[in-house]
Amino acid sequence: MGVELELQILNSHDYNLSRDAVDLLALLEKIGHPGAIKPEITESMIELNSSVHSNYEALLVELRQIRDTVVRAAAQLNLRIAGGGSHPFHDWSERRIYPTERFRHLLEVYGYLAKQFTVFGQHIHIGCPDGDAALYLTHILSRYVPHFIALSASSPFQQGTDTGFQSSRLNTVSAFPLSGSMPFLQKWDNFVAYFEKMRGFHIVESMKDFYWDVRPKPDYGTVEIRVLDTPLTVERAALLAAYAQTLAYYALVKRPLQVSEDMYLVYKYNRFQACRYGFDANYADVHARRQISLQRDILGTLELLSPYSARLNTRKALDVLHADASMRRGDAAWLREAHRKFGSLNDVARCQSEEWAGRHTLISAQA
Amino acid sequence: MANVEFLPQFPIPDNPFALFGILLLAGALAGELVRRVLNLPRITGYVLIGLTLGASGLNLLDTRMFDYMRVFFDIGLGLVLFELGRRLDLNWLRHDRWLAVLALAECLLSFGSMFTVLLWFGIEPLYATVAAAIGVSSSPAIVMLVARELKAEGQITERALNLVAINSVTAFVLTTMLLSWIHHEYHASWLIALLHPFYILVGSFYAGFLASVLVLMLARWLGKQVELHLTLLLAMIIFLVGAAEALKLSVLMTLLTFGVLVRNMDQDHALMSVDLGSFGQAFFIVLFVATGAMLRIDNLITGFGVAAGYIAARFVGKSIGVMCFAHLSGIRAGSGGLLSIALLPMSGVALAMTYSAGKFYPAFNEKLSAIVLAAALILELIGPLAVQFALRSAKEARTAT
């Protein structure tokens, strides 16, 4: 597995988004860093990539190293780095597109949506043995998309207001025409034919142009889960990766559930519920033909995974997530608590950056 | 004859409010005209209209008006210095030591080169020293306002603002300490020569410190309410300008200290980062018109040679300081030059310093003005262009597209 994290670059006087990605990346290039660090669509974002790991603890060690390097380089430029799925109060119209050919092209195609796309997600890659398995995994993970949304939700604020959502970030993604979920195809050959057709229509050029919540990524031989908000800490990012890894392992080894088109009948409903209400969402379970609370479905799944987590050495991670889910603890609640406590969204952004840097001094809504 | 005392008497007496309104309107219109016709920064327009109305032009703003104008000038300068102080981040200097080294080098080298050039022009050491000390400063008003007009944001802008703040503090401390020498030159007693700078430095610092403590206390009590924090800051800024004047302290140093401390002492982030810009804009315009009116073209004619040498020496000193250390201080390759260009302007603060350095000795003031004011005039006019050029070339200006 591997992890990509999109991060916010903040200035240090009012904690608004800054526009220093170019300078920050140049400095990081100069001083050297572990992992990979890349530009993102606007100049207020950067993306960290881990290497490939099979053990989540090793992943965490690497993520911490990358984080420390980036935080130190940012401090030299008087900038702060923050996690979280959205910046609480930036104005999208002030954003500037990162100066590369691809991003300029996206601005041309998508107009203001490109600038509004200044939201921050975590992507988790899971390696797959072959194409058919990747398609199975992509479909079966759609059943668990609400889990990842609820467990990572960290974008309650957008453009200066409390949205009432736990994750408002995904609403931004939904505006794109190629977002949503992959068509219901189960054989790799059929998938390749579909892709070629879309390329024939000049709708896409590469897999990158599909903004699906879960998508196969043939270049890496992985399935990529893209619905997660970037958590407030690398620790949580690693926990979520451990969950994805264990879940995928269970799904591929055990093949516990049939994939069916019915899964996509409830897909949008479940996804919306999770964004809006987090752990308190309703969850429509196609296979059991019933509705339960998302919290119960998550807890149930975590318990089900227990034998597999022992094999993958992810038991500790899943225990933490279990505790958080049973207490309904999460980053969105943490951010709202910060807002209540300090009274301004500038302070929320500041807390986000301090939390990211690993200085957990302010509040402890999170264990 | 009927009693007509209810009617105004001729000549109609001067009125500070009418003057403020006229300066503001004239400045705003000239700024817009300069921007539309010549595509120059508005600030250049403010200064030009000031020159036109002032002693060098139509002489509508004669010396009688200067006392009124000083009030607006001081409030404008106070606002600018407070804003600038608030941008000075001492934490940054700790994280990026090379930036601190760069600031020090650039101050020392510019001082040294200006001093040498002035001596070479045959200026007496005392005047050369004071003028060189004043020249260490960079104009906070020009750099801040051009950055604001361009909505510039980024490493060059932030570094320029921090360096301007450091330059202003250094220049101020130097000129104040040099008061001892000036007093000594004019045979004042040793006690006065020592106490006067001490009183100004310590007094101004302490006033700024007290204001910061008080404002932070009140901000904590008020809670996070933008309007109230704005009012709180405005009240304290205007009060401090008045108090510093009444106590014969330095408006400059007091407000700068207030800005620096209110940010850097605010450990628990009690004060919101409110934007004084919309309120300040009126005062900023008048500040530049007034500066323009105070400058004199005849200074330029008599002192052009010296002024040119002084400016060149200043620019070379600052550039060498910046260029030597820019690449060590986490900045993009090649942007050191732009940073030096952004530090070129020198004006309002220099004027205020010249005025206060020579306040007690008119003869001294006259001689010093001859050296500094011509340079101030030139830099007041080309300074905004330089900053605009630097920030645009650094791609930090937010363009309309």
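Note that the coordinates shown come from a computational prediction; the quantities given were computed from them, not determined experimentally.

Asker: Whenever I open this one, the overall build of chain B confuses me. Can you help?
Answerer: For chain B, the count of helices and strands is 16 helices and 0 strands. A compact globule built from 401 residues would reach a C-alpha radius of gyration of about 21 Å, and chain B, at 21 Å, matches this within 12%. Summarising its shape, the C-alpha atoms of chain B cover approximately 80 × 60 × 55 Å along the three principal directions. Taking contacts inside chain B between residues at least 6 apart in sequence as the whole, the part at least 24 apart equals 80%.

Asker: Help me out: how do you make sense of the overall build of chain A in this one?
Answerer: In terms of regular secondary structure, chain A is built from 15 helices and 13 strands. Its C-alpha atoms give chain A a radius of gyration of 19 Å, within 12% of the compact-globule value 21 Å for 367 residues. Sequence-distant contacts in chain A: of pairs separated by 6 or more residues, those separated by 24 or more amount to 75%.

Asker: Sorry, what's going on with the packing of helix H8 (residues 155-185) of chain B against helix H9 (residues 190-222) of chain B here?
Answerer: Two numbers describe a pair of packed helices, the interaxial angle and the distance between the axes. Residues and elements named next belong to chain B. Viewed as axis vectors pointing N to C, H8 and H9 meet at an angle of 160 degrees, and their least axial separation amounts to 8 Å. Taken together, the axes of H8 and H9 lie roughly antiparallel to each other. Along this stretch, H8 crosses H9, giving a crossing that reads as right-handed. Facing Val173, Thr176, Met177, Leu179, Ser180, His183 and His184 of H8, the residues of H9 in contact are Ile192, Ala193, Leu194, His196, Pro197, Ile200 and Leu201.

Asker: Teacher, can you tell me more about the confidence of the model for chain B here?
Answerer: Interpretation of this model should avoid reading the predicted coordinates in detail wherever pLDDT is low. The predicted model of chain B averages 87 in pLDDT, with 97% of residues at 70 or higher. Across the assembled chains, the prediction reports ipTM 0.84 with pTM 0.89.

Asker: For this particular structure, what's the right way to read the nonpolar core?
Answerer: Side chains that are nonpolar tend, in soluble globular proteins, to be buried together. Counting residues in hydrophobic clusters, the biggest one holds 130 residues, and the most contacted among them are Ala131, Tyr310 and Ala342 of chain B. Within the second largest apolar cluster, 99 residues are counted, among which are Ala21, Tyr56, Ala73 and Leu318 of chain A.

Asker: Help me understand the confidence of the model for chain A in this model?
Answerer: Averaged over all residues, the pLDDT of chain A is 92; the fraction at 70 or higher stands at 98%. By mean pLDDT, helix H4 (residues 112-116) of chain A is the weakest element of chain A at 89, and helix H6 (residues 145-152) of chain A is the strongest at 97.

Asker: For this particular structure, what's the right way to read helix H10 (residues 267-277) of chain A?
Answerer: Each full turn of the α-helix corresponds to 3.6 residues, which orients residues three or four apart in the same direction. Considered for burial, the residues of H10 of chain A that qualify are Asn270, Arg271, Gln273, Ala274 and Cys275 of chain A. A positive backbone phi angle near 65 degrees is found at Gly278 of chain A, which sits one or two residues after H10 of chain A.

Asker: Mind showing me how you'd approach the interface of chain A and chain B here?
Answerer: Interfaces are often described in size by the accessible area the parts lose on coming together. In this assembly, 18 residues from chain A lie in contact with 16 residues from chain B. Where the side of chain A that touches chain B is concerned, the elements lending two or more residues are helix H1 (21-31), helix H2 (56-76) and helix H15 (345-356) of chain A.

Asker: Quick question: what am I supposed to make of the environment of Phe279 of chain A here?
Answerer: Residue and element names in this part refer to chain A. Position of Phe279 among the secondary structure elements: in the loop between H10 and strand E12 (282-285). For the pair Phe279 and Leu106, spaced 173 residues apart in sequence, the C-alpha to C-alpha distance is 34 Å. Excluding anything up to four places from it in sequence, Phe279 contacts Ala150, Leu294, Gln295, Ala325 and Arg328.

Asker: Mind showing me how you'd approach the pairing of strand E3 (residues 45-49) of chain A here?
Answerer: Residue and element names in this part refer to chain A. Both strand E1 (residues 2-11) and E3 contribute to a ladder of 5 bridges, which runs antiparallel. Each residue of the ladder has a partner; that of Leu5, found in E3, is Leu48. Where strand E2 (residues 36-39) meets E3, 4 bridges bridge the pair, whose relative direction is antiparallel. Bridge pairing in E3 links Lys38 to Glu47. Connecting E2 to the antiparallel partner E3 that follows it, the hairpin turn spans 5 residues.

Asker: I would appreciate a short explanation of the environment of Val289 of chain B in the present structure.
Answerer: Residue and element names in this part refer to chain B. Looking at the element boundaries, Val289 is found in helix H12 (residues 277-294). C-beta crowding within 10 Å serves as the criterion here: with 34 such atoms nearby, Val289 is assigned to the buried category. Sequence separation of Val289 and Leu23 is 266 residues, and the distance between their C-alpha atoms is 6.6 Å. Beyond its immediate stretch of four places on either side in the chain, Val289 contacts Leu23, Ala26, Gly27, Tyr46, Ile49 and Gly50.

Asker: Explanation requested: helix H8 (residues 188-200) of chain A in the structure shown.
Answerer: Compared with the 18 Å implied by 1.5 Å per residue over 13 residues, the 18 Å span of H8 of chain A between its first and last C-alpha is a close match. Of the residues flanking the end of H8 of chain A, it is His202 of chain A, one or two places downstream, whose phi is positive at about 60 degrees.

Asker: Please explain the packing of helix H1 (residues 16-38) of chain B against H12 of chain B as it appears in this structure.
Answerer: Residues and elements named next belong to chain B. The contact between H1 and H12 brings their axes to 9 Å, and the two run at 90 degrees. In terms of axis orientation, H1 runs roughly perpendicular to H12. The residues of H12 that touch H1, namely those facing Phe20, Leu23, Leu24, Ala26, Gly27 and Ala28, are Ala282, Ile285, Val286, Phe288, Val289 and Ala290. For the contact of H1 with H12, the per-class residue count stands at 11 nonpolar, 1 polar and no charged.

Asker: What is the right way to read unusual backbone geometry from this model?
Answerer: A negative phi angle characterises most non-glycine residues, just as the trans form characterises most peptide bonds. One non-glycine residue, Gln159 of chain A, lies in the positive phi region at around 50 degrees. Take Gln159 of chain A: it is sitting in the loop between strand E6 (157-158) and strand E7 (161-162). Phi is positive for Lys151 of chain B, close to 50 degrees, though the residue is something other than glycine. By secondary structure assignment, the location of Lys151 of chain B is in the loop between helix H7 (140-149) and H8.

Here is what the cut-offs are and how they apply
- Residues numbered from 1 in each chain as written.
- Chains lettered and ligands numbered in written order.
- Predicted model: local features only at pLDDT ≥ 70, side-chain atom pairs only at ≥ 80, totals over all residues.
- Helix = DSSP H or I, 4+ residues; strand = E, 2+ residues; numbered from the N terminus.
- Rg over C-alpha atoms; globule rule 2.2 N^0.38 Å.
- Contact = placed C-beta atoms within 7 Å.
- Axes fitted to C-alpha atoms, helices over the stretch in contact; angles between N-to-C directions.
- Parallel < 35°, antiparallel > 145°, perpendicular 65-115°, else oblique.
- Left-handed = near helix turned anticlockwise from the far one by under 90°.
- pLDDT = per-residue confidence, 0-100.
- Core = buried A, V, L, I, M, F, W, Y, C linked by C-beta atoms within 7 Å.
- Buried ≥ 20, exposed ≤ 12 C-beta atoms within 10 Å, placed from the backbone.
- Pairing = 2+ DSSP bridges.
- Expected span 1.5 Å × (residues − 1).
- Nonpolar A, V, L, I, M, F, W, Y, C, P; charged D, E, K, R; others polar.

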